Each structure stands twice: as structure tokens, then as C-alpha cells.
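Each chain, written out:
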Amino acid sequence: MDKGRLQNPDPALLQRLLEERTADLQRLKAEYDNYRKRVRRDRMAVREIAVVNVLRALLPVLDTVDRTCAHEPMTVGLKDITDTLGAQLGSLGLETFGEEGDPFDPACHDAVTHHVSPDTDRLICTKILRPGYRLGTQLLRPAHVEVTGPPPPARNPLAYAGI
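Residues numbered from 1 in each chain as written. Predicted model: local features only at pLDDT ≥ 70, side-chain atom pairs only at ≥ 80, totals over all residues. Heavy atoms only, no water.

Draft legend 1. The sheet that holds strand β6 (residues 143-149), seen in detail. Taken together, three strands build an open sheet; the order of strands is β2-β6-β3 and the sheet is mixed. Two strands bound the open sheet, and with one partner strand each, they are β2 (109-116) and β3 (124-130). Averaged over all adjacent pairs, the angle separating strand axes in this sheet is 25°, with direction ignored. As judged from the five bridges shared by β3 and β6, these two strands associate in the antiparallel manner. Considered in β6, the bridge of K127 is made with E146. (Pairing = 2+ DSSP bridges. Helix = DSSP H or I, 4+ residues; strand = E, 2+ residues; numbered from the N terminus. Axes fitted to C-alpha atoms, helices over the stretch in contact; angles between N-to-C directions.)

Draft legend 2. Structural detail: the packing of helix α1 (residues 11-71) against helix α2 (residues 76-91). Remark: α1 packs on α2, axes separated minimally by 11 Å, with the N-to-C direction vectors making an angle of 150°. Judged on the interaxial angle alone, α2 and α1 are roughly antiparallel. Judged by the twist between their axes, the crossing of α1 over α2 is left-handed. Mapping the contact onto sequence places L55, L58, V61, L62, V65, T68 and C69 in α1 and L78, T82, L85 and L89 in α2. Partitioning the contact of α1 with α2 into residue classes produces nine nonpolar, two polar and no charged. (Parallel < 35°, antiparallel > 145°, perpendicular 65-115°, else oblique. Left-handed = near helix turned anticlockwise from the far one by under 90°. Contact = heavy atoms within 4.5 Å. Nonpolar A, V, L, I, M, F, W, Y, C, P; charged D, E, K, R; others polar.)

Draft legend 3. Seen up close, the nonpolar core. Of all hydrophobic cores here, the largest spans ten residues; its members are V51, V52, L55, L59, L62, L89, L94, Y133, L135 and L140. The set of elements that each furnish at least two residues to this core consists of α1 and β4 (132-135). If you tally residues by element for this core, the top one is α1, at five residues. Once residues lying within four places of it in the same chain are set aside, the contact partners of L59 are Y133, L140 and R141. One finds C125, A143, V145 and V147 within the second-largest nonpolar core, a separate group that totals six residues. (Core = buried A, V, L, I, M, F, W, Y, C linked by side-chain atoms within 4.5 Å. Buried < 20%, exposed > 50% of the residue type's maximum accessible area, 1.4 Å probe, protein only.)

Draft legend 4. Representation of α2 in the model. The end-to-end C-alpha separation of α2 is 22 Å, in line with the 22 Å expected for 16 residues at 1.5 Å each. Listing the buried residues of α2 in full gives L78, T82 and L89. Relative to the axis of α2, the buried residues are bounded by an arc of 50° and lie together on one face. Facing away from the buried side of α2 by more than 90 degrees, the exposed set consists of V76 and S91. Where α2 is buried, its residues meet α1 and β1 (94-97). One or two residues past the end of α2 sits G93, with phi positive at roughly 105°. (Expected span 1.5 Å × (residues − 1). Arc of directions from axis to C-beta.)

Draft legend 5. Local environment of the pattern of salt bridges. Within this structure, the stated rule accounts for seven salt bridges. Its salt-bridge partner being K29, residue D33 comes within 2.9 Å of it at the nearest N-O pair. Taken as a pair, D33 and K29 lie in helix α1 at a separation of four residues, close to a single helical turn. Judged by its relative accessible area of 19%, D33 is buried. Since its relative accessible area comes to 52%, K29 is described here as exposed. (Salt bridge = Lys/Arg side-chain N within 4 Å of Asp/Glu carboxyl O.)

Draft legend 6. Focus on a positive patch on the surface. A surface patch of positive charge is lined by K37, R38, R40 and R41. Mapped onto the fold, K37 is located in helix α1. (Patch = residues over 30% accessible without salt bridge, like charges linked within 9 Å, V, L, I, M, F, W, Y side chains within 5 Å. Areas by Shrake-Rupley, 256 points an atom, 1.4 Å probe, with all protein chains shown as cover. Lys, Arg positive; Asp, Glu negative; His and termini not counted. Charge placed at Lys NZ, Arg CZ, Asp CG, Glu CD.)

Draft legend 7. Here's a closer look at α1. End to end, α1 covers 89 Å across 61 residues, agreeing with the expected 90 Å (1.5 Å per residue, within 8%). Within α1, the axis deviates most sharply at L58, by approximately 35°, and proline P60 lies no more than four positions further along. Those residues of α1 that fall on the buried side of the exposure criterion are D33, V51, V52, L55, L59, L62, D63 and V65. Packed against the buried residues of α1 are α2, β1, β3, β4 and β5 (138-141). (Bend = angle between axes of the 7 residues up to and from the residue.)

Written out as C-alpha cells, the structure reads:
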């Protein structure tokens with residue numbers, strides 16, 4: 001008697017066993033495919049977190065380079081450093097934002113100073129004190145800006161008196 005062999009192979013029994021084993025293999029393949037997708041998704045999430053952490057750590061370096069470029073004559077070496085740093089960080093997906101004339105958005109701008117101008121109807125960024133950075137849709141740091149806009153609405157003194 002051979003181990004693992006049927007004595008009287010019934011075609012219906014063989015067909016049922018074949019269908020069971022095929023279903024088992026299909027379930028196993030689906031589980032493995034789901035596992036691979038989950039691992040790939042987890043690896044991408046870990047990579048994104050690592051990139052965000054590195055970029056956040058480098059923001060003070062970018063600020064220092066920006067200040068140096070603003071206060072020192074642009075030498076060939078300094079230009080090479082700023083160009084290389086910008087290109088490498090850009091390849092990781094780092095985006096700078098905050099331009100003079102942009103509409104003020106409290107979700108991505110920190111207003112440090114507010115200037116009143118009666119000829120404006122909305123808040124506008126008039127000076128960028130420190131640029132903001134984002135990675136895709138994730139805000140790494142808001143831009144620090146001076147804004148100019150209309151005067152605030154007059155407050156009703158009776159509203160504070162409880163009347």
C-alpha cells in the first residue's frame with residue numbers, strides 16, 4: 001500500500017479533492033498578495049516619515065544658507081552650495097512657498113505683523129520673513145509673513161458688557 005495514494009480512485013472524489021486543493025491554493029495566493037501589498041505600503045510609509053524627519057532637521061540649515069545669501073556677496077562656492085542643496089532637497093520633494101502678493105492663508109502662513117490699508121479688501125502677504133516648506137500636501141513649516149489688509153471690523157462695546 002503506497003502512502004498518500006488512494007486504493008480505489010473514484011473520479012468524483014478526485015474531482016472534489018482537486019477543487020479543495022485548488023481553492024486552498026487560491027486563498028493562500030490571495031493572502032500572500034495582500035501581505036506583499038501591505039509590506040510595500042508599510043515600507044513607503046516608513047520612507048515618507050524618514051524623509052520628513054530629515055527635511056525638518058535640515059530646515060535650520062536652509063534658513064542659515066538663505067540668511068548668508070542675503071547678507072554676503074554671492075561667490076561661486078556659495079552659489080554652488082545653494083544650487084546643490086536646493087536641487088537635492090527638491091529631488092526629495094521639498095517645496096518652498098510664500099511669495100509676496102500671495103493671499104494670506106492661516107493654514108500655511110503665520111502672520112507676524114499686520115499692517116492696515118484701507119485700499120485692500122483682503123489680507124495679502126506683503127513681506128516674507130521666513131519661507132514655508134511642504135512635502136507634497138504635508139506642511140513641514142508655515143511661512144512667517146507680514147500681512148496687509150483692511151482694518152478689522154468695528155467692535156460693538158455693548159457686546160462685551162453683556163447687554
